[in-house]
Structures are given as structure tokens and as C-alpha cells.
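Report on the structure
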Amino acid sequence: MLKASYPTDKFRNIPTPFYYYDMDVLRTTLHEITQQAAKSDFHVHYAMKANANPSILKEIRMAGLGADCVSGGEIQAAIDAGITSDKIVFAGVGKADWEINLALDHNIFCFNVESVPELEVINNLAGRKNKTAQVALRINPNVNAHTHHYITTGLNENKFGINMNELDTVIELLPSLEHITLIGIHFHIGSQITDMTSFQSLCVRVNEIQEYFFSRHIMLKHINVGGGLGVNYEHPNHFPVPDFEAYFKVFRQHLHLQPQQTLHFELGRSVVAQCGSLIARVLYVKQGATKQFAILDAGFTDLIRPTLYQAYHRIENLSSDEEEELYDVVGPICESSDTFAKACTLNKAHRGDLIALRSAGAYGEIMASQYNLRKLPKSYTSDELQR
Ligand code: LLP
């Protein structure tokens, strides 16, 4: 079994559980993104919701990415990390007035607007500040992302975006909204998408929607196709960097951009998932009636993805190279759903062994909670531990 290299000697003195970020993996990933995106002048806004750890954000800002935010808190964190407001986009079906005002005060690049009432509220609040808000209409393209139904967003049944049959109404309304400038259209069909044909279908739909706007003599400067590129959770050691070349190629080949149009992306998971691991210790190895349990000191409060989405994270025993055995790997929380993996192959486990839950850099630390009055996990970067 190929294991990743971890500074386990440094880990020994750190209380578990904690997140560990391998900055070399992050930097290699960012380098690949910027190289591949630059080929076509694609603009990438990092989806802050995946991980807003300041050390990670600093690296992302240094790579020149913008930010995709879904709350006032994220807008603030992006600004605090030094990401300039002209690279910030703001999405979300339920933007509160204070969040819109914060975005207006910072003159962000674009609001991705998800409904007619929201458009009216932004117009109103911008008017009070004597400003004009740049907006893109988030359109629900009704494209199936073929991913887990909890993380599918671009179907008619989902709460996101403006439905296509509502576009006429929006376009009739726009001239009366004096404090709004329509600069583009926005889409996001879902997350952890590994089948490139889903993105191809999105391109086809965007081309159709573009035709609709052309026929009404509306010129859109920006097209934003959201995020969603998946990572390889099964083999993070073999595939630490997602195939950005193939991903961007789909859009280069299938999306009909006009010469003066700019294409934007909102990548989250694919930027940060593989650089992060949740590091835990085995508290107890317990023989059950029909199986054995490795009980960790980390639970779903630290990493909720397996519980919430039945998500798979590769688990490695960093302290043992003894023969492999089967374990249900569980946490200490008082719920049966606090299970990371069933019948998982691990090198024979003992109390105190260090365990790595891999590919946890995205939607890991940021989704942690304090249920059972547990402490939020701390985090360390490889840079810090090398010092
Ligand atoms: N843009 C919008 C409008 C989004 O809603 C999302 C993710 C993204 C971009 C970034 O998508 P990504 O590139 O990361 O796939 N907590 C779930 C994932 C939820 C994704 C929500 N939206 C998980 O742990 O799998």
C-alpha cells in the first residue's frame, strides 16, 4: 500500500485530532490551475466555502485567484486575506441585507443573483448608497451533474438559481432597476463531478442560453460556469492533483465564447481537498460481536462528510505496518452515524496509533461543529511543522 509521507515525528507531540495541510500539494495544485487557466485567460474564483483557513487563503491569494463567497463572513475573510474586491463574486439564495451592504461597500466584482426579489432588494440597497451593483443572473440550467443528490444544484427541483422560464420577466424588469448593471450569467450544477460529459452538457446549455440573450440584443461580458470538478478520494497518493487540463479543455472546446467575453470558474474542492488530512489517534480497539472497531478521538464533529453524504475518505494507519485487518472506523460521538468507514482495511491498529483521514482539505475543517461540546479541531501546515 502506497502511503503518503507525513512528519509523524512532529505529530507525536500535537494533541489530536487536528487538520494537517501539505503546502507542497497545495502549491503544486495552484500552479497547475494557474498554468492551465492562463492558456485561455480563464478567471478562477476560489470557492471559499471549501476551506477558509487563513494559511490556505494566503497561498490562494498569492497564486492570484479571486474568491467566490456565499456569506458576509466569507466576503470579510476574503478581504482580510488580501483578495481584492474586484475579484470577489457573491452567490447564495438568501443574501441578508447586511451582507449585500457589505458587498456594496467593498464594490465587489459581481453579485450572482438567484431570484427576482433578490434583484429588487439589491437595486434598492445600492440606490440608498448611490451605487450601481454589477450582477450576473444565476440560471438554473436543469443539467444533471450525476453526483450525490445532496450536492446536485442545477436541476429544476433545486432551490438554486432563476428558472429559464422566468428569464423573460427578469429581462423586462431590468431597465427599471437603475442601480443594477447586468454583466453576465452564472451557473453551478453540483460538486464532486468526475464525469466530464456533465460539464459538456452544461456548455451546450450555456450556448443555448447565450442565443436567447443574443436574440434580445443583450450582450453579456461574463460567463461564470461555477465549480464542481471532483477529486480522486480513492487514490489521493496517485492523483494528488486533479486533471485541470482536461477540465478546462471541455470548456475551451464546447463553450462558444464571444471574442469580448470572459469565462469565470468557482473551484473549491479541486483546489484544496487533496492537501488536507484529518489526523486522529486510536483511542480503543474494541471487539464487537461480529467485527472489530477502531475508535478514534475524531468524530463527525471534525469531519462530517462520511456521515452526511456517505462520502468515502481513504484511511491510513501512520503508526503501523503490521498485517492489515478489517475495522469499522468510528468516532466517540454518541450517535451510530458517527462512523467514518465500515469494513475498512487498516494496518493492525493499537491504542495511540496515528490515523490519517485523507482528502479532507475541502469541506472538512470548515464544516466542523461543537456538538457534544467538543472542541473545534486545530490545524497545522507543513510549513509550520518544518520550522
Ligand atoms: N459555486 C457555487 C455556487 C457552489 O454552490 C459551490 C459549492 C461551488 C462553486 C464550489 O464547488 P466545488 O468546486 O467545491 O465542487 N459540502 C459538500 C459540498 C457542497 C458544495 C456546495 N457548493 C461536500 O462536502 O461534498
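The structure reproduced in this document is the subject of the present report. (Residues numbered from 1 in each chain as written. Predicted model: local features only at pLDDT ≥ 70, side-chain atom pairs only at ≥ 80, totals over all residues. Heavy atoms only, no water.)

Here's the deal with helix α8 (residues 196-215)
Across its 20 residues, α8 extends 29 Å between first and last C-alpha, which sits within 8% of the 28 Å expected from 1.5 Å per residue. Of all the positions in α8, only Ser198, Phe199, Leu202, Cys203, Val206, Asn207, Ile209, Gln210, Tyr212 and Phe213 are classed as buried. Each element contacted by the buried residues of α8 is listed here: β6 (133-140), α7 (167-173), β8 (180-186), β9 (222-224) and α9 (244-254). Where α8 ends, the next residue or the one after it, His217, has phi of about 55°, a positive value. (Helix = DSSP H or I, 4+ residues; strand = E, 2+ residues; numbered from the N terminus. Expected span 1.5 Å × (residues − 1). Buried < 20%, exposed > 50% of the residue type's maximum accessible area, 1.4 Å probe, protein only. Contact = heavy atoms within 4.5 Å.)

A look at the packing of aromatic side chains
Counted under the stated rule, the structure contains 19 aromatic pairs. Considering the side-chain rings of Tyr247 and Phe251, the 5.2 Å spacing of their centres and the 70° angle between planes classify their relative orientation as edge-to-face. One end of the pair, Tyr247, and the other, Phe251, are both in helix α9, four residues apart, so they sit about a helical turn from each other. Using a relative accessible area of 0% as the deciding quantity, one classes Tyr247 as buried. (Phe/Tyr/Trp six-rings, centres within 6.5 Å; stacked < 30°, edge-to-face > 60°.)

Brief notes about the packing of helix α4 (residues 72-80) against helix α5 (residues 97-105)
Direction vectors running N to C along α4 and α5 enclose 25°, while the axes themselves pass 9 Å from each other. Relative to α5, the element α4 is oriented roughly parallel. Both α4 and α5 take part in a crossing whose hand is left-handed. Here α4 contributes Gly72, Gly73, Ile75 and Gln76 to the contact with α5, which in turn contributes Trp98, Glu99, Leu102 and Ala103. Residues belonging to the contact of α4 with α5 are distributed by class as follows: four nonpolar, three polar and one charged. (Axes fitted to C-alpha atoms, helices over the stretch in contact; angles between N-to-C directions. Parallel < 35°, antiparallel > 145°, perpendicular 65-115°, else oblique. Left-handed = near helix turned anticlockwise from the far one by under 90°. Nonpolar A, V, L, I, M, F, W, Y, C, P; charged D, E, K, R; others polar.)

Things to note about the nonpolar core
Within soluble globular proteins, side chains that are nonpolar tend to cluster in buried spots. Of all hydrophobic cores here, the largest spans 102 residues; its most connected members are Phe111, Leu137, Phe213, Phe251 and Phe265. Ignoring sequence-local partners within four residues, the contact set of Leu137 consists of Val113, Leu119, Ile162, Leu167, Val170, Leu182, Gly184, Ile185, His186 and Phe213. Core analysis: the second largest hydrophobic core is formed by eleven residues, Tyr6, Phe18, Ile279 and Ala356 among them. (Core = buried A, V, L, I, M, F, W, Y, C linked by side-chain atoms within 4.5 Å.)

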